[in-house]
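Examining the three-dimensional arrangement
Each chain, letter by letter, is given below.
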Amino acid sequence: MLSLIPHALLFQTRQRLKKIKASKQIWDRALADDYRLADLSGLDSHPVFADFRAGWNDDGLLFNVLVAGKKNKVRCDSEQPLESDGLQLWIDTRNTPGVHRANRFCHLFCALPAGSGKNKQQPSARQLEIPRCREAAPLASAESLRCKSNINHEGYSLSLWIPAESLNGFDPDQSPLLGFYYAILDNELGLQTLGIGQEFPYHSDPSLWQCLELSEV
């Protein structure tokens, strides 16, 4: 018997985000297995084709994505990041899950493994305004976001570093909980999310996001 309510919608998770050591080229770092985040998308038979890892320190947040199983080339255009293969992140630096419209502490970032530069082969990252937001967060400059990718015949790896100054309200000491959601879009393999899929408006509704705890351990 099919359930009318997605199983992932029944869970509100809190995952620990491990701390990483600061370094000058932190965006170039590959996070170990114990930085992997679990997702609930498999509960509802949604696509699972990417390995997603994340870490933090006082200087910002680091994300690693590894996509495998592709047969076709990536489809990326830095001018259309929400329709391109790549990573989409929603971050609420004050974790306010009871609200249905984004506030000034809510951010949307997109990172693409290609689609930028003279030959459209360079990775890129940018911040976008969240739809229906009550109050928009300040937009970070593209230069402040550091992005690196490695594309091969089966997929790609992608790293994104978001510095603390690009995260309005980021304060690990006073606000160690973050509202969080991700979507990894692939025009060949589908859409992998942290939980529910596009049948719900996670792209604009913070009450549908999950929670990350900035852990010192």
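Quick look at the structure, then. Model, not experiment: these values are computed from the prediction.

1. Some words on the nonpolar core
- In this structure, Phe52, Leu61, Phe63, Leu89, Phe180 and Ile184 are the most contacted members of the largest nonpolar core, which totals 53 residues.
- Of all elements in the fold, only β2 (50-57), β3 (60-67), β4 (86-92), β5 (106-116), β6 (122-128), β8 (155-163), β9 (177-186) and β11 (210-214) reach the threshold of two or more residues within this core.
- With near-sequence residues (within four places) excluded, Phe52 lies in contact with Tyr35, Arg36, Leu37, Phe63, Asn64, Val65, Leu87, Leu89, Phe180, Tyr182 and Ile184.

2. With respect to the pairing of β4
- Counting buried positions along β4 yields seven of seven residues, so the element is predominantly enclosed.
- Bridge count between β4 and β9: seven bridges; the pairing is antiparallel. Bridge pairing links Gln88 to Ala183 in β9.

3. Brief notes about the packing of aromatic side chains
- Taken as a whole and judged by the stated rule, the model has seven aromatic pairs.
- Here a set of aromatic residues connected by ring pairs shows up, and it is made of Phe52, Phe63, Phe180 and Tyr182.
- We note Lys18 situated over the ring of Tyr35; from NZ or CZ to the ring centre the distance is 5.0 Å.
- The ring centre of Trp27 lies 3.9 Å from the NZ or CZ of Arg146, which sits over that ring.

4. Points about the side chain of Asp51
- With respect to the helices and strands, the residue Asp51 is situated in strand β2.
- Overall, Asp51 belongs to the buried group, its relative accessible area being 18%.
- Of note is the side chain of Asp51, whose polar atom sits 2.7 Å from the side chain of Arg36.
- At 2.7 Å, the side chain of Asp51 forms a polar contact with the side chain of Arg53.
- Apart from residues lying up to four places away in sequence, Asp51 is in contact with Arg36, Asn64, Val65 and Leu66.

Parameters at a glance
- Residues take numbers from 1 onward in each chain, read along the sequence in its written order.
- Local features in this predicted model are restricted to residues whose pLDDT is 70 or higher, and side-chain atom pairs enter the listing and the counts only when it is 80 or higher, whereas totals over whole chains, interfaces and linings include all residues.
- Water and hydrogen atoms were dropped before computing side-chain values, which therefore reflect all heavy atoms in the structure.
- In plain words, nonpolar cores are sets of buried Ala, Val, Leu, Ile, Met, Phe, Trp, Tyr and Cys residues tied together by side-chain atoms within 4.5 Å.
- Throughout, exposure labels follow a simple rule: accessible area from a 1.4 Å probe, protein chains only, divided by the maximum for the residue type, with under 20% read as buried, over 50% as exposed, and the rest as partly exposed.
- Helical segments are the DSSP runs of H or I of at least four residues, strand segments are the runs of E of at least two, and each set is numbered from the N terminus.
- When checking whether two residues touch, look at their non-hydrogen atoms; a contact exists if any pair is within 4.5 Å.
- If DSSP finds at least two bridges between two strands, the strands pair.
- Two rings from Phe, Tyr or Trp (for Trp, the six-membered ring) form a pair when their centres are within 6.5 Å of each other. A pair whose planes differ by under 30 degrees is stacked, one over 60 is edge-to-face, and the rest are tilted.
- In this scheme, the term charge over a ring applies when either NZ of a lysine or CZ of an arginine sits within 6 Å of the ring centre and within 35 degrees of the ring normal.
- Two N or O atoms form a polar contact when they lie within 3.5 Å of each other; inside protein one atom must be a possible hydrogen donor and the other a possible acceptor, and for residues adjacent in sequence the pair counts only when both atoms belong to side chains.

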